[in-house]
There are 2 protein chains.
Amino acid sequence: MLAATLALTAAAQEQPTAAAPSDSVRADGRAVGTYAIVHEMLKQTKPKYAYRPNMSRRQLRAWQRGVGRAMASLMRFPAPDRSQPAPVCVARQPREGYTLERWELYPQEGIAVPFLVLRPDGLTGPVPAVLCIPGSGRTKEGLAGEPGVAPEFTENYTDPRVCMALDMVREGYVAVAVDNPAAGETADRAEGVRGYDYDLVSRFLLEMGWSWLGYASWIDRQVLDWMKQQPDIRRDRIVVSGFSLGTEPMMVLGAMDSEIYAFVYNDFLCQTQERALVLNRPEGGRRPFPNSIRHLIPDYWRYFNFPDVAAALAPRHIIFTEGGMDRDFRLVRSAYADFGAEERAVFHHYPRFADPAQRIDVERLPEGLDRTTFFRMVNVDPPSHYFKHELVLPWLRRILR
Amino acid sequence: MLAATLALTAAAQEQPTAAAPSDSVRADGRAVGTYAIVHEMLKQTKPKYAYRPNMSRRQLRAWQRGVGRAMASLMRFPAPDRSQPAPVCVARQPREGYTLERWELYPQEGIAVPFLVLRPDGLTGPVPAVLCIPGSGRTKEGLAGEPGVAPEFTENYTDPRVCMALDMVREGYVAVAVDNPAAGETADRAEGVRGYDYDLVSRFLLEMGWSWLGYASWIDRQVLDWMKQQPDIRRDRIVVSGFSLGTEPMMVLGAMDSEIYAFVYNDFLCQTQERALVLNRPEGGRRPFPNSIRHLIPDYWRYFNFPDVAAALAPRHIIFTEGGMDRDFRLVRSAYADFGAEERAVFHHYPRFADPAQRIDVERLPEGLDRTTFFRMVNVDPPSHYFKHELVLPWLRRILR
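These numbers were taken from a predicted model, which means no experiment stands behind them.

J.: Explanation requested: the pattern of salt bridges in the structure shown.
T.: For side chains bearing opposite charge, pairing can occur when the charged atoms are close. Counted according to the given criterion, the structure contains 70 salt bridges over all chains. We note a salt bridge from A:Arg102 to A:Glu104, for which the minimum N-O separation is 3.7 Å. Judged by its relative accessible area of 22%, A:Arg102 is partly exposed. Given a relative accessible area of 5%, A:Glu104 falls into the buried group. Residue B:Asp179 pairs with B:Lys140 through a salt bridge whose shortest N-O separation is 2.6 Å. Here B:Lys140 lies in helix α5 (residues 140-144) and B:Asp179 lies in the loop between β5 (174-177) and α7 (198-207), a separation of 39 residues in the sequence. Residues joined by salt bridges that share partners form a network here, namely A:Arg26, A:Asp28, B:Arg102, B:Glu104, B:Lys140, B:Glu141, B:Asp179 and B:Glu185.

Right under this line is the structure:
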């Protein structure tokens, strides 16, 4: 198997000769093709707040502050509107062992943001709480173990690999579940529209100088701030748990708010700048771009990549549940070691790649990859992408006991 | 026919009830759906440098300076790299009545930008010159009346509705033709890639905080600056002529450089912010967005719309060849009148809509339009979209005589 792995690596490393943009670079070292030019520009973009090993304690703190400030600047949150009413509980229903509450917050005139609170029965004092952020195509109702707000939005909501918030309230924590913008209850339900169109709202936001992630994090930050004020919640034991797309606002909240106690990173850890550079093997007449504009945050890579942001969460507890490159895990581990908190970052690979002998471990990915080869090279097993309750819940018990 | 037109208008105005985002606004005036929210945000975005009638001369000048400064800030040109070599003529070929020259400019290390110069034979002194910028899917070779750099890039290059630069040199002007980034010679010609992928390079640029238009205009500005230094060119008689997509860099150059003598706007004049708001009738399960990310310039609408930018070119000569809304023409005409230069802005509608009785003339477009209805309401006849040489050449003769 290792031999097969190495052969695949070699094949992947040979691929770029066919399709790398450097084809269009001339003898004088200049490129004429715009793709080759912008590809090289991106390659030369060195994030200002990339994690560096061997920083002094003072440098580490300055770096973390830099990450937080840059994140705040990228996210462009509007100024808080103090004239708006406080969040309101609009419905309350008993469930087995807990109460399901439906809340709304009012961040600005003209906007209502619904969220769900699952509150354990019989609380006698504040308990830890988990802010649950869903993945793409998923909803707060799915997280809460409830049917969707419309039949077509109903997920496999009794599956513990889906119902993250229900898992949490069963553990005795207050669980709070939000929608990602454009999904579930926040979807466009006009006649003739099907599904969740994240990219259309992203385009509107980008035109206005904002971004999907900026908007999503702006909402989530207000839910988090509300959580901190709840008498049933231990303000010093708030966990933010992101599944898939939800890891992005999770990182934003973490970088901007040092009060959060712990983080669940339930996706593979991805160096997205590198991915944009290497996942470029033409298919069907075009080179792919790895993802849609819901992930586009102009200037993000001028400051950091996901592993840098995750590293900057040190020394707070974090669990990674779906692997990625060992290289990126080493980076995060190194940051935690700098803080003397190596044991506070817990790393799991996909089951298929749990054995190091099954993993590809390179320092740099070759260009010219297709999606399948890319996933293989970064140790991702797409069919096994789900909320890893079997890892997260025991870990939470340990860090929250 | 007018009756038919009015019926169509009425139909268009009825459409939105089916699909306008306001469907999702509640009794308390708050929206929950993200599309409705961002749609309203965009609707409330009032461009800072929108043209206003009845400005004093001083206010007009301040407004124009504001447009120029905002445009420069949006376009994010890199600082000039003085260490780079000057443009070089790399090839020269005789043609009937003119010489075709191939030039390269070197804006930065690692980049070569080819452009074509068509120089009339027998010049005895400087003459007017025209910078020709092509439309989407088109090339500098097509503009120059030459076959493409590869057989699959060859256009109908002897058609005067295509070969804008050839038309110009035949008039006795020095004609300069550029490629749009990602097209023609600047296309990605790796194995497996077909056609011109503007959107992929746009995504790279947007990730880096830049934009397709910023990059394109950065190149075009350097070609323009080169033109100003040519002994064969009358620096005070430089025209910038944009076809279709090429009108966008044309407007950027015009807003940022007051030395340009005249402008050819060969497309319909479009209020793109309004278009994004109203061209939103669901089709195939999704609402459309009117165009791709090559047109995305974050924050643009915070400052102006195309009619405002065109208006800010006053009192310099401009010709509009393919109509649009009378409302938008009135806006530009009003700005020219403010400068006492009404005759310097020339307005043509599509032949099909030349007769005012055939045109729809409204002050505001209704929401819920599909593409076909939108084009009809803004008086656009897509099959007749081409370089209107029959209008442009006589007009140039007049203003350049």
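And the narrative resumes.
J.: Help me out: how do you make sense of a positive patch on the surface in this one?
T.: All names here are of chain A. A surface patch of like charges, here positive, comprises Lys 48, Arg 57, Arg 58, Arg 61, Arg 65 and Arg 69. Here Lys 48 is to be found in the loop between α3 (34-43) and α4 (57-75). Judged by relative accessible area, Lys 48 falls into the exposed class, the value being 58%.

J.: How should the interface of chain A and chain B be read in this particular structure?
T.: How big an interface is tends to be expressed through the accessible area that disappears when the partners come together. Each side of the interface is counted separately: chain A has 71 residues, and chain B has 71 residues. Approximately 6,000 Å² of surface area, both sides summed, lies buried where chain A meets chain B, with 59% of it carried by carbon and sulfur atoms. Summed over the three residues of chain A that lose the most area to chain B, namely A:Arg30, A:Phe204 and A:Met208, the buried surface amounts to 13% of that side. Linking chain A with chain B are 8 salt bridges, by the criterion used here.

J.: I tried to follow the relation of the copies chain A and chain B on my own but got confused; where do I start?
T.: There are two copies of the chain, and a rotation about an axis plus a shift along that axis relates them. The two copies are related by a screw operation: chain A maps onto chain B through 180° of rotation and 0.0 Å of translation along the axis, at an RMSD of 0.0 Å. Such values leave the two copies arranged in the relation of a two-fold axis. When the interface residues of chain A are mapped onto chain B, 100% of them are again interface residues, pointing to one common binding face.

Criteria and thresholds
- Sequence order as written defines residue numbering, which begins from 1 separately in each chain.
- Each chain is given a letter, starting from A, and each ligand a number, starting from 1, according to the order in which they appear as written.
- With pLDDT at 70 or above as the cut-off, local features in this predicted model cover only qualifying residues; side-chain atom pairs require 80 or more to be listed or tallied, and sums for whole chains, interfaces and linings still use all residues.
- Values reported for side chains reflect all heavy atoms of the structure, with hydrogen atoms and water molecules removed beforehand.
- One speaks of a salt bridge when a side-chain nitrogen belonging to Lys or Arg is within 4 Å of a carboxyl oxygen belonging to Asp or Glu.
- Burial classification: accessible surface area is computed with a 1.4 Å probe over protein chains only, and a residue below 20% of its type maximum counts as buried, one above 50% as exposed, and the rest as partly exposed.
- Counting from the N terminus, the helices are the DSSP runs of H or I reaching at least four residues and the strands are the DSSP runs of E reaching at least two.
- Patch members must show over 30% relative accessible area and no salt bridge, and they are joined within 9 Å when carrying like charges or within 5 Å when they are nonpolar side chains of Val, Leu, Ile, Met, Phe, Trp or Tyr.
- Each accessible area is a Shrake-Rupley result for a 1.4 Å probe, and residues are judged covered by the shown protein chains and nothing else.
- Within this scheme the basic residues Lys and Arg register as positive and the acidic residues Asp and Glu register as negative, but His and the chain ends are omitted.
- Positions of charges follow a simple convention, taking NZ of Lys, CZ of Arg, CG of Asp or CD of Glu.
- We call two residues in contact when some of their heavy atoms are within 4.5 Å.
- Accessible-area loss on putting two parts together, using a 1.4 Å probe and summing over both, is the definition of buried area adopted here.
- Copies overlap after least-squares fitting; the atoms used are the C-alpha atoms of residues with pLDDT of at least 70 in both.

Function-wise, these values are silent; they only describe arrangement.
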